[in-house]
Amino acid sequence: RVLLSDEERYPFLKALRGPAGADPLRRKAILKRVQERCKKVGKCPWCEAVNGVVKKVGGTMKIAHEKYRDLGTDKELPEAAAWRASLQGG
């Protein structure tokens, strides 16, 4: 699924399914616009989960999804504190 609502997603689908979507350069440009739009979304429209950053942790091959990083507040959420504790311990 894409992190866009049906109303936002429909014009992109229409462009990709049309004759212009067959051209590789135009297809790449359309997909890039979809990706840029998805980066701006704060919550998933399907499950209401927070859209966070995915990054590598330390020098290992471990990848972490920082769901609760900087939601526009200065205080840390209780869920974030529990998540950080589980990441540090495990």
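None of these values were measured; they are calculated from a predicted model.

1. As for the overall build of the protein
Moving on, step 1. Summing up its helical and strand segments, the protein has 3 helices and 2 strands in all.
Moving on, step 2. When the 90 residues of the protein are sorted by exposure, 16% land in the buried category.
Moving on, step 3. Across the protein, the fraction of contacts at a sequence separation of at least 24, relative to all contacts at a separation of at least 6, is 31%.
Moving on, step 4. For the protein, the exposed area adds up to about 7,400 Å²; of that, 55% sits on carbon and sulfur atoms.

2. Details of a positive patch on the surface
Moving on, step 1. Taken together, the side chains of Arg-26, Arg-33, Arg-37 and Lys-40 define a basic patch exposed on the protein surface.
Moving on, step 2. Position of Lys-40 relative to the elements: it lies in the loop between helix H2 (24–39) and strand S1 (53–57).

3. As for H2
Moving on, step 1. Between its terminal C-alpha atoms H2 stretches 23 Å, which fits the 22 Å expected from 16 residues at 1.5 Å a residue.
Moving on, step 2. Those residues of H2 lying buried are Ile-30, Val-34 and Cys-38. The buried side chains of H2 occupy one side of the element, clustering within an arc of 80° when seen end-on. Exposed and facing more than 90 degrees away from the buried side of H2 are Leu-25, Lys-28, Lys-32 and Lys-39.
Moving on, step 3. Close packing links the buried residues of H2 with helix H1 (6–17).

Cut-offs applied
Residues numbered from 1 in each chain as written. Predicted model: local features only at pLDDT ≥ 70, side-chain atom pairs only at ≥ 80, totals over all residues. Heavy atoms only, no water. Helix = DSSP H or I, 4+ residues; strand = E, 2+ residues; numbered from the N terminus. Buried < 20%, exposed > 50% of the residue type's maximum accessible area, 1.4 Å probe, protein only. Contact = heavy atoms within 4.5 Å. Areas by Shrake-Rupley, 256 points an atom, 1.4 Å probe, with all protein chains shown as cover. Patch = residues over 30% accessible without salt bridge, like charges linked within 9 Å, V, L, I, M, F, W, Y side chains within 5 Å. Salt bridge = Lys/Arg side-chain N within 4 Å of Asp/Glu carboxyl O. Lys, Arg positive; Asp, Glu negative; His and termini not counted. Charge placed at Lys NZ, Arg CZ, Asp CG, Glu CD. Expected span 1.5 Å × (residues − 1). Arc of directions from axis to C-beta.

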